[in-house]
Every structure is written in structure tokens, then in C-alpha cells.
Amino acid sequence: SKPGKPKPKLLGFEAIAPSTDDAVRVPEGYSAQVIIPWGTPIHSRGPQFKKDGSNTAAEQRRQIGAHHDGMHLFPLTGSSGLLALNHEYIDTTLHYTDGSATITQEKVDKATAGHGISVVKLERDKRSGKWELKDSRYNRRVTTDTPVEFSGPVRASHPLLRSNNAPKGTLNNCSSGYTPWGTYVTCEENFNGYFGTDEAFTATTEQKRYGITATSGYNWHKADARWDIAKNPNEANRFGWVVEIDPFDPKAAPVKRTALGRVKHESATVTESKGQVVVYTGDDQDGEYVYKFVGDGSWRKRRAKRQSPLDHGTLYVAKFNDDGSGVWLPLEFGKGALTAANGWADQADVLIRTRSAADAVGATKLDRPEWVAVNPDNKDVYLTLTNGVGNGGTVNPRKPNPYGHILRWHEKNGDNTALSFTWDVFVLAGDPAYDPAVQLGPDNIFGSPDGIGFDADGRLWIQTDISNTSQTLASKGYDNIGNCAMLAADPETKEIKRFLTVPRGAEVTGITFAADGRSLFVNVQHPGEASTAWGAPTPANPRAVSNWPDFDPAGRPRSATVVITKNDGGKIGS
Ligand code: FEO
Ligand code: CA
Ligand code: CA
Ligand code: CA
């Protein structure tokens, strides 16, 4: 823009009110379209979704998986793209005709087929403006049974990774990222919950550090010994990684990039500085850490040598000082506390036990570090801290912290490879009616920020995931906030406006844009998730009841992708 001419307002839309409706709400002048709900066949001749949960495992393998989360749209020619999409978990009450009463191998197989990733071609119809799934040689499913490879310092041949079955599958794929060389990276989050046993079992220190116990919510181990932590303990070491998938090569195996560490990964946000690749990743559990991987040398030269830029580099963990400064501490075998004398065997050992390594170097505990976004204008880094007990220090200022906050840091000289930074709290989430420190109002009160991302024009998009716990909404101060929401923020002025609200019981997660910035894709996950926080799911307490998006009394709620467009064809948020 010309000097002296004021910049146009970044947030040009009218904020919407909090909502408790069983619907997706968007501002005046915008439209929302539901696409690819759970069970949609990924090829036009594939098996149709059965609304009573009676699709088989073999059918689920050829359908869109369950519980959509992180995603990225890779542009193809014209107004089409390949959408790579995570399926985080399944809800046993929705996934089967008979819920979780019994467990069989077929039910385990349908569950593992409901997890993983979908890659599907989407195209915007020129006349109607609607987005549609198209047949394509790229359309595929990656599930918890797809053969995978391990690369980087931890190989599949590592003694701690040898289990009773070949290396296969990815699990609990929550947040995601994408690389400058056109691949998708997906995060394995709460992998511990899939393992259990009926044998006598005492968890090791390392198993405890990742929350592995004899009890599993899914009980897969009762039908399939792969998931029996006593009989097949090393299988759990194959999860908790960032996995790279090439959406343009349907035959290529997913690759677990072990140099990025083994935690409950949330976000694998890739940026570059000085030609080097940098990946930020959270570890979503209260009191865990935020990590950064810095690639060695030019990523382009690595690629030219047919090496992966994600296999060669250093993993760091953040230490936030109370004075607003911070440093990145290396998780490198032989450095600092991570020596043979202290019981560390080699770099593979450091990476398999990433959490313990981060403990040993003195990283800073955070209130559930989830998604990371990098401002394209100045390379500042934003991190959502969803909520928590309040882990202390000025970096976790509220105790307890039921609403969360968003941290921001500026790497030294704006260089994302730098090893020191300065930080501040970008926004403290919540409702001023319950916490006077909160500087938000009717247009923007929100709680539990989770997904976060920038668009090309520099708007920061914030998505919430209010957990459906046993607490009532009033008892945790969420009664004015309504259903989960997506908000847009101006990173300079800190203006924040509510842009979208999702159906009852759902979270909103996943952010990606069409190349022209005129279609925004988000996911509605777990509509109608039954819990007393939203009232028991009875007609007398209807706030728990969602039948979105089909509204079929004989059907069941389904996670789905929603595409938002502006009716005048403009950029989203403008
Ligand atoms: Fe799966 Fe941390 O959200
Ligand atoms: Ca999340
Ligand atoms: Ca969630
Ligand atoms: Ca979440």
C-alpha cells in the first residue's frame, strides 16, 4: 500500500454471537458447506455409509475415517486440490451397531480402519461454487494397519522397536503440518490409550512417563495381541512419532521421522530460515513441553542428495524464563545431562525417551501445549496452551487455568533456527465474568484454544476444544461461552472476533485454505460427544444431543469437513 494510506482492516467481518445451536454458524455474508463426513466412500464406486454402524472393517478401509482433525489442502491444477486429512480416534458408541459391549477381531479391524489419514481429491464446481470429492488415482486411506517405515536415528531394527508384528500403522493422528517440498506430516498424539493387558503387569518408568497402564478404553488387546502391552510391549515404542506422507505418491509408505522425537505430538509446524528447515511441535498433556527441530544445512541440498531434511538435525526443548526471555535446550546424546554416565545409551535412546530427556535438561512445564503457528510477516511463533492445573512461572500465569492462553515468542533476530527468544502472552482466554484479568467481551470470549494457524494475509485463526468433562459448564465458568468456536485475530492490534461456531458437543479443528484464499476448510469433530458437561444426552436435556450433519433420527452424528466461502467471492475474513 502507498505510504500514508491506512492499511485496510484485517478483520472485515461482523463478529457472531456465542451459540448453543446444533449447527455451524458463520458471519453475515458467508456460507458453510459440509463435505466428506465419516463413512463417505473415497471412490465413487466404493461402499456407501450405513447409518446404523453396520459397515464392515473392509468397507471402512475404503471410506473416509472417523473424527477428522488436522489437514492440509495441496493445490492441484485449477480449483482443485488433494486434501490430506487426519482421523484421530473412533467413538465406540457410533462406530458399531452394538457399541463397546463386546470386542472381536472384526471390531478391532474396523476401529483401526477408522483411524489414520485420508487423501482425497477435492474440486470446486465452477457453476455451483460447491466443493466435491472427485475420483483420482491419489485417493487413498492410510490406517493403523498400513505398512510404515522408520527413518532418522531410530530405525525399525532398533531392539526397542522389534515387536511381534511387522511395523505398520499410525494412530491417534491429531494435529498436522506440511513441508515446503509438498508432503504432509501427521502427529501421533495419545497412543498410550490403545494398549492394555489382562496379564499381571507393572509399567516401567518409561511406560509410566507416557501414561501406559494395564487399562485401555478400547480393549483391543482382548481380541488382538498386537495391543497387549504385556505380551507385545515394544509395539508402543512404534507410536508417538511425527509421520511424513507424500500425497502425490499413493504407493509410498508413510515414514516415521524419528529425529523429531517421541511425545504426544500436537502440531508439526514447518517453517524455514536461512535455507534450513525448522519444525515446532507441542506435547499435548498438562505439564509437558514445546519442542523445535532444526535441520542441518540447506534442506534443498539434502533433497538433492535424496536425503530427508527431517532426518538430519537437532531436537530442542524450550525453557521459558520469568523475565520474558527463553532458550532452546538441545536433546543431544553426550551433551549436558544426556550422557552415558547418566544412563543414556545413544541418540536413539534419547529420542525414544524424549520426555525423560526433556525432564533431564530442565525444560519448562506448560499448561497443555498444543498447536504452533508462525506469522508469515515477521516469523513470530504462537503456541496455544489449552488449559491445565496452572504449571507456574509467568509463562503459566493463571492457577488453575481452565481457559488457557496463547503464548508468543520472537526468535533472536527473527531467525527461527536461533537458540534464544523473547516471549509474551498474546491473549489470556476466558470470560471476564469469572476472571477480571481477561480482556475479552461478547464478540470474542473463548476458552481452551487448540488449533491455530495464519492465512496468507496475516490473520491468526484460533479454534477451541472445550472438553466434555463431567464438570458442568457453569462450574468451570464456560456457561457464557457456548459451543466451540473459531475466531480470527489481528496479531498487531490484538483485535479478536468470533467467526464460526460448531454444533453441540463438537470441537472445531484443522485449518487449511484453497490456494486463492477464498475457501476455508475446517473440521467439526465429535458432534454430540455424550457427557454430563453438556447435560446427559436425553430429550429432557437436549444440549447434549447432536444429530449433525444429517439430522436423521435413525442416524448418528458424524465428524465432517466444512468449507466456508464468502458470498461475494472475497477472501475469508476480509
Ligand atoms: Fe487431539 Fe491435543 O488434541
Ligand atoms: Ca487438538
Ligand atoms: Ca479433542
Ligand atoms: Ca484437543
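Residues numbered from 1 in each chain as written. Chains lettered and ligands numbered in written order. Predicted model: local features only at pLDDT ≥ 70, side-chain atom pairs only at ≥ 80, totals over all residues.

Student: Help me understand the overall build of the protein chain, please; the structure alone is not making it clear to me.
Tutor: When helices and strands are tallied, the protein chain shows seven helices and 29 strands. Taken over C-alpha atoms, the radius of gyration comes to 22 Å for the protein chain, in line with the 25 Å a tight globule of 574 residues would show. Referenced to the eigenvectors of the C-alpha coordinate spread, the extents of the protein chain come out at roughly 60 × 60 × 50 Å. Put simply, the protein chain has 574 residues, and 52% of those count as buried. Pairs at least 24 apart in sequence give 62% of the contacts found in the protein chain among residues at least 6 apart. (Helix = DSSP H or I, 4+ residues; strand = E, 2+ residues; numbered from the N terminus. Rg over C-alpha atoms; globule rule 2.2 N^0.38 Å. Buried ≥ 20, exposed ≤ 12 C-beta atoms within 10 Å, placed from the backbone. Contact = placed C-beta atoms within 7 Å.)

Student: Sorry if this is basic, but what is going on with unusual backbone geometry here?
Tutor: A negative phi angle is the norm for most residues apart from glycine, just as the trans form is the norm for most peptide bonds. For the peptide bond that leads from Lys399 to Pro400, omega is -5°, which places it in the cis range. Along the polypeptide, Pro400 turns up in the loop between β20 (381-385) and β21 (405-411). Omega for the peptide link from Trp548 to Pro549 comes to 0°, which places this bond in the cis form. Considering the arrangement of structural elements, one finds Pro549 in the loop between β28 (519-525) and β29 (560-566). Of note, Arg368 is a non-glycine position whose phi angle comes to about 60°, a positive value.

Student: What's the story with the sheet that holds strand β27 (residues 507-513) in this structure? I'm lost.
Tutor: What holds strands together in a sheet is hydrogen bonding between their backbones, with the strands either parallel or antiparallel. Across the sheet, which stays open at both edges, the four strands sit in the order β1-β29-β28-β27 with antiparallel pairing between neighbours. Two strands close off the open sheet at either side, each with one partner strand: β1 (30-35) and β27. For this sheet, the mean angle separating the axes of adjacent strands, direction not counted, is 25°. Note: β28 against β29, six bridges, orientation antiparallel. Counterpart to Leu520 in the pairing with β29 is Ile564. (Pairing = 2+ DSSP bridges. Axes fitted to C-alpha atoms, helices over the stretch in contact; angles between N-to-C directions.)

Student: So what exactly am I meant to see when it comes to the nonpolar core here?
Tutor: Taken as a class, soluble globular proteins show a tendency for nonpolar side chains to be buried jointly. One finds Ala84, Val317, Tyr382, Met486, Leu487 and Val508 to be the most contacted residues of the largest nonpolar core, which totals 132 residues. If we ignore the near neighbours within four places in the chain, the residues touching Val317 are Tyr289, Tyr291, Leu329, Leu331, Ala358, Val361 and Ala363. (Core = buried A, V, L, I, M, F, W, Y, C linked by C-beta atoms within 7 Å.)

Student: Is there a simple way to think about the pairing of strand β23 (residues 449-454) in this case?
Tutor: Across the six residues of β23, five count as buried, placing the element largely inside the fold. Pairing geometry for β23 and strand β24 (residues 460-464), over four bridges, is antiparallel. The residue bridging Gly453 from the neighbouring strand is Trp461, located in β24. Connecting β23 to the antiparallel partner β24 that follows it, the hairpin turn spans five residues, and Gly458 within it adopts a positive phi of roughly 95°.

Student: What am I meant to see in the sheet that holds β24 here?
Tutor: Strands sit in the order β23-β24-β25-β26 across an open sheet of four strands; the sheet is antiparallel. Only two strands of the sheet have a single neighbouring strand rather than two, namely β23 and β26 (496-501). When strand polarity is set aside, the average angle formed by the axes of neighbouring strands in this sheet is 25°. Judged from the five bridges that link them, strand β25 (residues 485-489) and β26 form a sheet pairing that is antiparallel. Looking at β26, one finds that Ala485 is bridged to Thr501.

Student: Help me out: how do you make sense of helix α7 (residues 354-361) in this one?
Tutor: Since the α-helix turns once every 3.6 residues, residues separated by three or four places project in the same direction. Of the residues making up α7, those classed as buried are Thr354, Arg355, Ala357 and Ala358. Buried residues of α7 fall within an arc of 160° about the axis and therefore sit on the same side. Residues of α7 that are buried make contact with α4 (205-209), β16 (313-320) and α6 (347-352). Downstream of α7 by one or two residues, Gly362 has phi in the positive range, about 90°. (Arc of directions from axis to C-beta.)

Student: Can you walk me through the confidence of the model for the protein chain in this structure?
Tutor: A low pLDDT means the predicted coordinates there should not be read in detail. Counting all residues, the mean pLDDT for the protein chain is 95, and 95% of those residues have values of 70 or more. Below a pLDDT of 50 lies the segment residues 531-543, which in the model reaches 25 contacts outside its immediate sequence neighbourhood of four places, other chains included. Model confidence for the complex: the whole-complex pTM is 0.96, and ipTM, which rates the interface, is 0.94. (pLDDT = per-residue confidence, 0-100.)

Student: Looking at this structure, I do not really get the environment of Lys319. What am I missing?
Tutor: Tracing the backbone through its elements, the reader meets Lys319 in strand β16. When the 18 C-beta atoms within 10 Å are taken as the criterion, Lys319 is described as partly exposed. A C-alpha to C-alpha distance of 9.3 Å links Lys319 and Ser420, two positions 101 residues apart in sequence. Apart from residues no more than four positions distant in its own chain, Lys319 is found in contact with Gly326, Val327, Leu329, Gly362, Ala363 and Thr364.

Student: Looking at this structure, I do not really get helix α3 (residues 105-114). What am I missing?
Tutor: In terms of burial, α3 is a largely internal element, eight of the 10 residues being buried. Inspection of α3 places Lys107, Val108, Asp109, Lys110, Ala111, Thr112, Ala113 and Gly114 among the buried residues, and these make up the whole buried set. In this structure, the buried side of α3 is in contact with α1 (57-60), β3 (80-87) and α2 (92-95). Once α3 ends, the next one or two residues include Gly116, with phi positive near 105°.

Student: I tried to follow the environment of Ala429 on my own but got confused; where do I start?
Tutor: On the secondary structure map, Ala429 appears in the loop between β22 (420-428) and β23. When the 29 C-beta atoms within 10 Å are taken as the criterion, Ala429 is described as buried. Remark: the alpha-carbon pair of Ala429 and Glu370, spanning 59 residues in sequence, is separated by 15 Å. Ignoring sequence-local partners within four residues, the contact set of Ala429 consists of Tyr403, Gly404, His405, Phe446, Gly447 and Pro449.

Student: Explain the environment of Asn232 here, please?
Tutor: With respect to the element layout, Asn232 can be found in the loop between α4 and β10 (242-245). Each C-alpha atom of the pair Asn232 and Thr197 lies 9.8 Å from the other, and the pair is 35 residues apart in sequence.

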